Amino acid sequence: DGIAYLRIASYYADGRFDLAVSGYWGPMLSWLMAPFIKVGVTPLAAARIVMGLSAVLFFWGCREVFRGSKLSQLNQTLGLWLTAALSVFWSVENITPDLLMSGWVALACSRMMDESWLENSKTALMSGLFWGLAFWTKAPAFPLALITIPLVFALWLRHRPGDYKRALRCLGLTAGIFMLVASVWIAALSAKYHRLTLSTSARINHAVTGPSDLKQPYQFGAQFDQPSPGRITVWEDPSELPYQDWSPWSSLAHVQYQLAVMQSNLPICLLLLTSISLLAPLMLAIAGARLLRPSWRGTQASQTWWWTSLPVLGLAALYLPANLPFSEQRYFYAAFPFLYVLSLGLLALDEFRGNLKAVGIRPALWVAVVLMSFLLPTLLRPWLLGISTRRAGEYAWNLAQPLKTAKLQGPVAGSGYYAGGRTGLYLAYLLDEPWLGDETQPTAAGYLKSGATLIVVHRRHPVAAELQADSRFENLERFWPPENGFSPVGPLAVYRILPGR
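The structure reproduced in this document is the subject of the present report.

**Side note on the pairing of strand E4 (residues 454–458)**
Item 1. With respect to burial, E4 is a largely interior element, 5 of its 5 residues being buried.
Item 2. Side chains Leu454, Val456 and His458 project from E4 onto one buried face, and the interleaved Ile455 and Val457 project onto a second face that is buried too.
Item 3. Two elements, strand E1 (residues 412–413) and E4, share 2 bridges in a ladder whose sense is parallel. Paired with Val412 across the bridge in E4 is Leu454.

Here is the structure:
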């Protein structure tokens, strides 16, 4: 994904709008990178700058949520220190818009859940603007807004039933500005694809979960593909790829299959929320119990800090029906400030403090438990998963330099999987050459037909021995200086298809 955003930013900087506009990728992250690239900053450096700015926006959004939650000043301050720690970590882990979108969502919700939303038209307008900017950042913000806005409106009606007309006016302002801002990007996409298009990401992510009665779903990087002229990969606009749509309403079997997908995604969703906070399942269970118990529902609307459960549940609802990889903690960054408020808002409940006292837990200890519940899963995640997200990129960087010096460039094929991702894809990006993909069971014959010049493989993969024994391929290891670690016993190998072969 980072490669796609980097390339799209370069297209904007060069004025190549035909390549820049994509229905799959939100434009804002690339828009923010483009001016830096235009003035000569390297794309990777521009990405690091913008990810830092994303962390700042996320910090601002979390601060606004904490301020409106009625938490104690101490707990708000602790929350800000926690936000600073996590946002720095998340901002360097990926080059994606998730942190940026989460900041806009936090700002939008903080405005809607504050009393001033009913009393100040400007607050209602700003909430709608922030929702629109969140959609410009990443497409899931659109359905999240459609879930959250009416539910918060309903809670305001229950909390302040006498302000029906005022709440309705504010609903109109928030929803109207949101749709107005969103329509700008929708119009651009609709013009490109010649049909009404909000985004293509939901369709594609739903398509890859297709039932077995459809043909095998298309998988990026599982076959060789030729990118459009000027592109590095076909993934820069996957809207053009042959994903097969399916409807859960087309048959009873498809309805049952969709329910099965949601059932299988539910534990993954809970796992990902737990990767944000170890207490997330407990918080959602308590919130659900209070909603179901009639004697508690009356206080639910009056204690507005409970409303922060809505965006968390909304996020979960978004990802249940489609593809949900268990590794994508970033999908749930937006849940962080709301889970923090839920976790410490419990201290406002007499029955909860009584339960803590009964088991010998002081409120200060509970606060410490909450803080650690957020820090541990994020800071220990790389160690627990046994990966270094930088290794593949570092190897690609070290591979690219000798190849550039020797002027050995051309289209690249092969994944060269290593800790952190596809080294082959990263190498193609650094060489500014097309990456043609890979096959699930690659062969020398397949690479010859791919149209590639350079092949990247892991030395332990069976195809490496096949390439080494084939006279039509040249192992380029003689170009690696000994000090860069790419000796004949290194983990990766690069082969060139000899001219005329």
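**A word on the sheet that holds E1**
Item 1. The strand order E1-E4-E6-E5 describes an open sheet built from 4 strands, whose pairing is mixed. Edge positions in the sheet fall to E1 and strand E5 (473–475), since each of these pairs with one other strand and no more.
Item 2. The sheet contacts of helix H23 (residues 462–469) involve E4, E5 and strand E6 (492–497), and relative to E4 the element is tilted by about 135°.

**Here's the deal with the nonpolar core**
Item 1. Counting 143 residues, the largest nonpolar core has Met33, Trp131, Phe332, Phe336 and Trp366 as its most contacted members.
Item 2. Beyond its immediate chain neighbours, meaning those up to four positions away, Trp366 contacts Leu279, Leu282, Met283, Ser343, Leu344, Leu346, Leu347, Phe352, Leu356 and Ile361.
Item 3. In this structure, Leu436, Ala464, Ala493 and Ile497 belong to the second largest nonpolar core, which totals 14 residues.

**Looking at a nonpolar patch on the surface**
Item 1. Judged by side-chain polarity, Leu278, Met372, Leu376, Leu379 and Leu380 come together as a nonpolar surface patch covering roughly 400 Å² of accessible area.
Item 2. Counting through the fold element by element, Met372 comes out in helix H18 (residues 363–379).

**Some thoughts on the pairing of E6**
Item 1. The buried fraction of E6 is high, at 5 of 6 residues.
Item 2. Examined bridge by bridge, E4 and E6 share 5 bridges and lie antiparallel to one another. Paired with Val457 across the strands is Ala493, a residue of E6.
Item 3. Two strands pair when backbone bridges link them, and E5 and E6 are joined in this way by 3 bridges, in the antiparallel orientation. From the neighbouring strand, Phe473 faces E6, where its bridge partner is Ile497.

**Looking at helix H12 (residues 252–276)**
Item 1. A rise of 1.5 Å per residue sets the reference length of H12, with its 25 residues, at 36 Å; its end C-alpha atoms lie 36 Å apart and thus fit the reference within 8%.
Item 2. Of all the bends in H12, the greatest reaches close to 30° and is centred on Asn265; the proline Pro267 follows between one and four positions later.
Item 3. Those residues of H12 that sit buried are His254, Gln258, Val261, Asn265, Cys269, Leu272, Leu273, Thr274, Ser275 and Ile276.

**Thoughts on the environment of Tyr417**
Item 1. By the element assignment, Tyr417 lies in strand E2 (residues 417–418).
Item 2. If sequence neighbours within four positions are ignored, Tyr417 has contacts with Arg422, His458 and Leu492.
Item 3. Within the local environment of Tyr417, its side chain forms a polar contact with the side chain of Arg422, the two groups lying 2.9 Å apart.

Conventions used here
Residues numbered from 1 in each chain as written. Predicted model: local features only at pLDDT ≥ 70, side-chain atom pairs only at ≥ 80, totals over all residues. Heavy atoms only, no water. Buried < 20%, exposed > 50% of the residue type's maximum accessible area, 1.4 Å probe, protein only. Helix = DSSP H or I, 4+ residues; strand = E, 2+ residues; numbered from the N terminus. Pairing = 2+ DSSP bridges. Contact = heavy atoms within 4.5 Å. Axes fitted to C-alpha atoms, helices over the stretch in contact; angles between N-to-C directions. Core = buried A, V, L, I, M, F, W, Y, C linked by side-chain atoms within 4.5 Å. Patch = residues over 30% accessible without salt bridge, like charges linked within 9 Å, V, L, I, M, F, W, Y side chains within 5 Å. Areas by Shrake-Rupley, 256 points an atom, 1.4 Å probe, with all protein chains shown as cover. Salt bridge = Lys/Arg side-chain N within 4 Å of Asp/Glu carboxyl O. Expected span 1.5 Å × (residues − 1). Bend = angle between axes of the 7 residues up to and from the residue. Polar contact = N/O pair within 3.5 Å; in protein donor to acceptor, adjacent residues only side chain to side chain.

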